[in-house]
Each structure stands twice: as C-alpha cells, then as structure tokens.
Amino acid sequence: MPFREINSKMVEATVEPGAKIFSQRGAMLAYKGDVSFTPNIQGGQGGIASMIGRRVAGEATPLMTVDGSGTVLFGHGGHHIQVIALSGDTLYVEADRLLAFDGTLQQGTMFLGSQGGVMGMVRGQVSGQGLFTTTLKGHGAVAVMAHGGVIEVPITPQRPVHVDPQAYVAHHGDVRNKLSTALGWRDMVGRGSGEAFQLELSGSGAVYVQASEEKL
C-alpha cells in the first residue's frame, strides 16, 4: 500500500520508479525526492471514456499524475482522509471525494440510476451530488476525503444498511442500492435531505459514512 496515514487529515504516499499515483489537483502539501507532477488529460486509467463520463456528470475533477522516486504528503481543505485498500474488488466513490489513488487501479464511471432505478436521479437532485459516480477496480489503495471523520459499516446479506444519502462517502463489494423514503412524497417537497430519504445498501461489502452531511 503506497499510502501511510500521518494523521486524520494527511497521508504520505511512497512513489516508486515505474509506478504512478493519481491525485486531485491542489492536493500536494510537500514532497521529498525526484518526484514530478503532470496534469492528466485522459482522466486517469479510465482513458477518454472516463473523462467524457465525468464531464457529462459535471464531475470533471482534474487529476495530476505523480511519478518518480520519493515521498509526497497529500491533504486537501482540512478534510478528514480515509485510506481504503482494494483486493480486486470495485470501489464506488464520488469523484470530488478522491484525494489520491494507485495508478494500478482501473478507473471508470457508473450511472447511479443503473442501481436502484430512480435512486440516482432523486439522490442527485436532493443532495446536489451528480448522477454519476467514479469506480476504481483492482488491487491497490485509495485515499478519500470526508467531513468530520469516516466509519466503515459492514453490509451482510442478513443485515442491509440504511444511510442518509448526504452522509454516504463510498462503498465496495457485491452491493445493491436503492432509495427508500421515510416520508410521503408530499411531505418531502422542499426538503434538502435528512431522514426523509434513506439509501438502502444490501448484499456483501461495506459502506463508508461521514460524520457530517456537509458537501465537499
């Protein structure tokens, strides 16, 4: 794993020759060694399709390619940072929550409506987040950002997890999601988020939940 947590708001990445790390622009705090930072015009490992998908989604978060030999300190806006290790599975995460990730991971874009039908559209309108989410697949590590700390909540077939859509950070595993409502549609008119909506995640995996509903 190339990331080491220095504290709750800073991680150190080890950059090795022949390997790459992708980071959000402006995330570099300091570095040591022979390290270079280059704007990535292809949207990471996902190539042009990923870049187009993110532009359509309004999530054209610029990435930097980091390579060379040395160490880099990453952080952004004083946000809490959580490092997630992937072992061949897929992580679903909002593009603007990505701080940095292994260049070995395959990046893509998924339309949230493909899981749970109207869930993606309702969630996008209510929470202000896009209809698309970024996917990262393979073996490696991802550093994500959140407000007020993050907790990993296991999802098991016997026990689905219900999350406020705005508290959702990311999830991985064999998981299905759908939006349920705690109130009637008439009661939800004009409501920005909160307990009126519940994002139900079922299957096997884990969901990462932030302590604050504030958007990045």
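This structure is a prediction, so every number in the text was calculated from the model and none was measured.

Cut-off values and rules
- Residues numbered from 1 in each chain as written.
- Predicted model: local features only at pLDDT ≥ 70, side-chain atom pairs only at ≥ 80, totals over all residues.
- Heavy atoms only, no water.
- Helix = DSSP H or I, 4+ residues; strand = E, 2+ residues; numbered from the N terminus.
- Buried < 20%, exposed > 50% of the residue type's maximum accessible area, 1.4 Å probe, protein only.
- Areas by Shrake-Rupley, 256 points an atom, 1.4 Å probe, with all protein chains shown as cover.
- Contact = heavy atoms within 4.5 Å.
- pLDDT = per-residue confidence, 0-100.
- Phe/Tyr/Trp six-rings, centres within 6.5 Å; stacked < 30°, edge-to-face > 60°.
- Pairing = 2+ DSSP bridges.

For the rest of this paragraph, the subject is the overall build of the protein chain. Helix and strand content of the protein chain: three helices and 13 strands. Burial analysis of the protein chain (216 residues in total) assigns 52% to the buried set. With the model as given, the accessible surface of the protein chain reaches about 10,000 Å², and the carbon-plus-sulfur share is 52%.

All right, on to the environment of Pro-62 then. Inspection of the secondary structure puts Pro-62 in the loop between helix H1 (47–56) and strand E5 (63–74). A sequence separation of 33 residues divides Pro-62 from Ala-95, and the C-alpha atoms of the two residues are 9.7 Å apart. Not counting residues up to four positions away in its chain, the partners in contact with Pro-62 are Ser-23, Gln-24 and Arg-25.

With respect to the secondary-structure elements, Gln-82 resides in strand E6 (residues 80–93). In this structure Gln-82 comes out as buried when scored by relative accessible area, which is 19%. The spacing of Gln-82 and Gly-149 is 67 residues in sequence and 8.1 Å in space, taken between C-alpha atoms. Setting aside its immediate chain neighbours within four residues, Gln-82 contacts Glu-5, Val-142, Ala-143, Val-144, Val-150 and Tyr-208.

What follows deals with the side chain of His-80. With respect to the helices and strands, His-80 occurs in strand E6. Here His-80 is in contact with Ser-8, Lys-9, Val-144, Met-145, Ala-146, Gly-149 and Val-150, once residues within four sequence places are set aside.

Let's shift gears to the confidence of the model for the protein chain. When pLDDT is averaged along the protein chain, the result is 78, and 69% of the positions lie at 70 or above. Contacts of residues 46–59 to residues separated by more than four positions or lying in other chains number 32 contacts, the stretch itself having pLDDT below 50.

As a further point, take the packing of aromatic side chains. Tallied over the entire structure, the rule returns two aromatic pairs. Both rings, one in Phe-22 and one in Phe-101, keep their centres 5.5 Å apart while their planes meet at 40°; by these two values the pair is tilted. With Phe-22 in strand E3 (residues 21–24) and Phe-101 in strand E7 (residues 98–102), this residue pair connects regions lying 79 residues apart in the sequence.

Each regular strand displays side chains that alternate between the two surfaces of the sheet. In this structure, strand E1 (residues 3–7) lies alongside strand E2 (residues 10–15), joined through four bridges in antiparallel fashion. Its bridge partner being in E2, Asn-7 is matched across the sheet by Met-10. Pairing geometry for E2 and E5, over five bridges, is antiparallel. Considered in E5, the bridge of Glu-12 is made with Leu-73.

Bringing the side chain of Thr-71 into the picture now. Residue position: Thr-71 is located in strand E5. Accessibility expressed as a relative area gives 19% for Thr-71, which makes it buried. Those residues within four positions of Thr-71 in sequence are excluded, and the remaining contacts are Glu-12, Ala-13, Thr-14, Ala-30, Tyr-31, Lys-32 and Val-35.

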